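Architecture at a glance
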Amino acid sequence: MIVWSIANQKGGVGKTTTTITLAGLLSQQGKRVLLVDTDPHASLTTYLGYDSDNVPVSLFDLFQLKEFTEQTVAPLIMQSNIEGIDIIPAHMSLATLDRVMGNRSGMGLILKRALLALRKRYDYVLIDCPPILGVMMVNALAASDRILIPVQTEFLAMKGLERMVRTLAIMQKSRGKSFNVTIVPTMYDKRTRASLQTLQQLKRDYPEQVWSSAVPIDTKFRDASLKHLPVSHFASGSRGVFAYKQLLLHLERLSING
């Protein structure tokens, strides 16, 4: 089972779009995919057509468990309407975890322990992270084989990337865990100087981590979200889908090469 977290300490950079699009492409390959929504705003949960205020189970319940086995964790999984994709949904109660349980011993490894119990059920786990460093992001990063950092190709998004890189460096030092990182340029518009310059800067500043291409602006992403479908299932021939297919090939090569 391969675990990817999609994270950035800035909102609006394409985290949920990246998560659901990669999940859609993997499911079309016949892979079994589990999505984990760790954001109290529940964008991924809502994307799939659920009312996050009224889900019968959520990720919050995971943090109430006393033991982590397939039998205890599996009841928290909900099936989506997309074949091959399941989800552990989010609920606004996740926002209280830092205050209520943030200082408890072992809190940062709960998600990792839970996913280990599900390793025979899924080929991939994709974790959609909140834009705030806290218990949820720490859990996601600790559970992951690779961190994907979507970065909108505009100047302000670079600041969010710098914060994210600092966070990973701090966690790596404190936990002795090195992170495999892939920076994913998003919302690229080749007609604008801002996009061109930001992409050039990403390649210059992070030559080892940045994906060599970029995800373009594509209205099909918005249209697909209205239908609660991955864009790969809604508009398979769109340029956005083509870009994410190339990204997935890149990530699969990285996984094979370790």
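Residues numbered from 1 in each chain as written. Predicted model: local features only at pLDDT ≥ 70, side-chain atom pairs only at ≥ 80, totals over all residues. Heavy atoms only, no water.

As annotated in an unreviewed UniProt entry, the protein is Cobalamin biosynthesis protein CobQ from Vibrio hepatarius.

1. Describing the packing of aromatic side chains
In plain terms, the rule: Geometry of aromatic contacts follows a simple scheme: Phe, Tyr and Trp rings, the Trp one being its six-membered ring, pair when their centres are within 6.5 Å, and the pair is stacked under 30 degrees between planes, edge-to-face over 60, tilted otherwise. Helix numbers and strand numbers start at the N terminus; a helix is a DSSP run of H or I with at least 4 residues, a strand a run of E with at least 2. For each residue, the accessible area found with a 1.4 Å probe, counting protein chains only, is set against the maximum for its type, and the residue is called buried under 20%, exposed over 50%, and partly exposed in between.
Taken as a whole and assessed by the stated rule, the structure comprises two aromatic pairs. Between Phe 221 and Tyr 244 the ring centres are 5.9 Å apart and the planes differ by 85°, which places this aromatic pair in the edge-to-face class. Separated by 23 residues along the polypeptide, Phe 221 in helix α10 (residues 219–226) and Tyr 244 in helix α12 (residues 239–256) bring together distant segments of the chain. One exposure class covers both Phe 221 and Tyr 244, and it is buried.

2. Quick word on the environment of Leu 118
The cut-off we apply is this: We call two residues contacting when some pair of their heavy atoms lies within 4.5 Å.
When you line up the elements, Leu 118 lands in the loop between α6 (110–117) and β5 (124–128). On the basis of relative accessibility, which here comes to 1%, the residue Leu 118 falls in the buried class. Ignoring sequence-local partners within four residues, the contact set of Leu 118 consists of Met 1, Leu 34, Glu 70, Val 73, Ala 74 and Ile 77.

3. Quick look at the pairing of strand β2 (residues 33–37)
Operational definition: Strand pairing requires that DSSP identify at least two bridges connecting the strands.
For β2, a buried count of five out of five residues is recorded, marking the element as mostly surrounded by other parts of the structure. As paired elements, β2 and strand β4 (residues 85–88) share four bridges and run parallel to each other. Within β4, the position partnered with Val 33 by the bridge is Ile 85. Note: β2 against β5, five bridges, orientation parallel.

4. Some words on the sheet that holds strand β6 (residues 146–152)
Operational definition: In this description, a line fitted to the C-alpha atoms serves as the axis of each element, helices being fitted only across the stretch in contact, and the angle between N-to-C directions of two axes falls anywhere from 0 to 180 degrees.
An order of β3-β4-β2-β5-β1-β6-β7 is seen for the seven strands of this open sheet, with the pairing classed as mixed. Strands at the two margins of the open sheet, each flanked by one partner only, are β3 (78–79) and β7 (181–186). With two bridges connecting them, β3 and β4 associate as antiparallel partners. Paired with Met 78 across the strands is Ile 87, a residue of β4. Each of β6 and β7 touches helix α8 (residues 155–175); the most contacted strand, β6, lies at about 160° to it.

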